[in-house]
Amino acid sequence: MKKLNVLLLLISSLLIISCESNTYQELTEVVNNPTYEANIKTIMTDNCIGCHSAGDQYPNLETYDEVKDACENGEVICRIEGTCGEIMPTSGPMPEELINQIKLWSTTGYINQ
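An account of the accompanying structure is given in this report. (Residues numbered from 1 in each chain as written. Predicted model: local features only at pLDDT ≥ 70, side-chain atom pairs only at ≥ 80, totals over all residues. Heavy atoms only, no water.)

Let us now look at helix 4 (residues 64-72). The set of residues buried in helix 4 consists of Y64, V67, A70 and C71. One side of helix 4 carries all its buried residues, which in axial view fall inside an arc of 140°. Immediately downstream of helix 4, the backbone of G74 shows phi near 80°, a positive value. (Buried < 20%, exposed > 50% of the residue type's maximum accessible area, 1.4 Å probe, protein only. Helix = DSSP H or I, 4+ residues; strand = E, 2+ residues; numbered from the N terminus. Arc of directions from axis to C-beta.)

With that out of the way, let us pick up the state of the cysteines. As used here, a disulfide is simply a covalent bond connecting the sulfur atoms of two cysteines. Evaluated as defined, the whole model comprises one disulfide. At a sulfur-sulfur separation of 1.9 Å, the disulfide partner of C78 is C84. Between C78 and C84, the S-S dihedral sits near 55°, and the bridge is therefore right-handed. Between C48, a free cysteine, and C51, which holds the nearest cysteine sulfur, the sulfur-to-sulfur gap is 8.9 Å. With no disulfide of its own, C71 lies closest to C48 among cysteine sulfurs, the gap being 9.2 Å. Judged by relative accessible area, which is 6%, C71 ranks as buried. (Disulfide = S-S within 2.5 Å.)

If you add up the space inside the largest pocket, you get close to 320 Å³. Along its surface, the largest pocket is lined by 18 residues, and H52, L61, R79, M88 and P89 are the ones closest to its centre. Taken together, the elements giving at least two residues each to the lining of the largest pocket come down to helix 3 (36-47) and helix 5 (75-81). Among the elements that line the lining of the largest pocket, the one with the most residues is helix 5, at four residues. (1 Å grid on protein atoms, 1.4 Å probe; cavity = no way out; pocket = protein on both sides within 12 Å on 5 of 7 lines; lining within 4 Å. Points joined across faces, edges and corners; volume = space filled by probe spheres on them.)

What follows covers the pattern of salt bridges. Following the criterion strictly, the structure yields two salt bridges and no others. Across the salt bridge formed by E37 and K41, the nearest N and O atoms sit 3.9 Å from each other. Taken together, the positions of E37 and K41, both in helix 3 and four residues apart, correspond to about one turn of that helix. Between E81 and K103 there is a salt bridge; the shortest N-O distance is 2.7 Å. Of this pair, E81 sits in helix 5 while K103 sits in helix 6 (residues 96-107), placing them 22 residues apart in sequence. (Salt bridge = Lys/Arg side-chain N within 4 Å of Asp/Glu carboxyl O.)

Keep in mind that these numbers describe shape and distance, not what the molecule does.
Spelled out as structure tokens, the structure:
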């Protein structure tokens with residue numbers, strides 16, 4: 001029984017030691033020309049749609065047109081940066097890389113495809 005416990009402890013230790021930890025920033029690919037379909041839609045789905053979908057909180061952020069309109073009206077960027085009102089998402093700020101993707105998307109003309 002002791003040998004089995006020691007063996008289990010050894011295997012568990014090896015698994016823990018061999019695990020690699022990466023931050024979200026390390027896993028986020030830098031994109032120079034973000035598009036809604038390739039980059040922004042995923043950010044919105046992962047961070048915003050839970051609350052900002054039809055029938056929930058204004059503004060809706062489910063479609064290209066809704067996200068573009070909310071960015072053009074200044075609602076999205078200032079809220080995710082925390083420069084106006086309560087920071088969004090309410091669970092905590094998004095990684096800076098994602099915020100920068102949205103800002104770059106807006107300055108490059110809100111490319112859809």
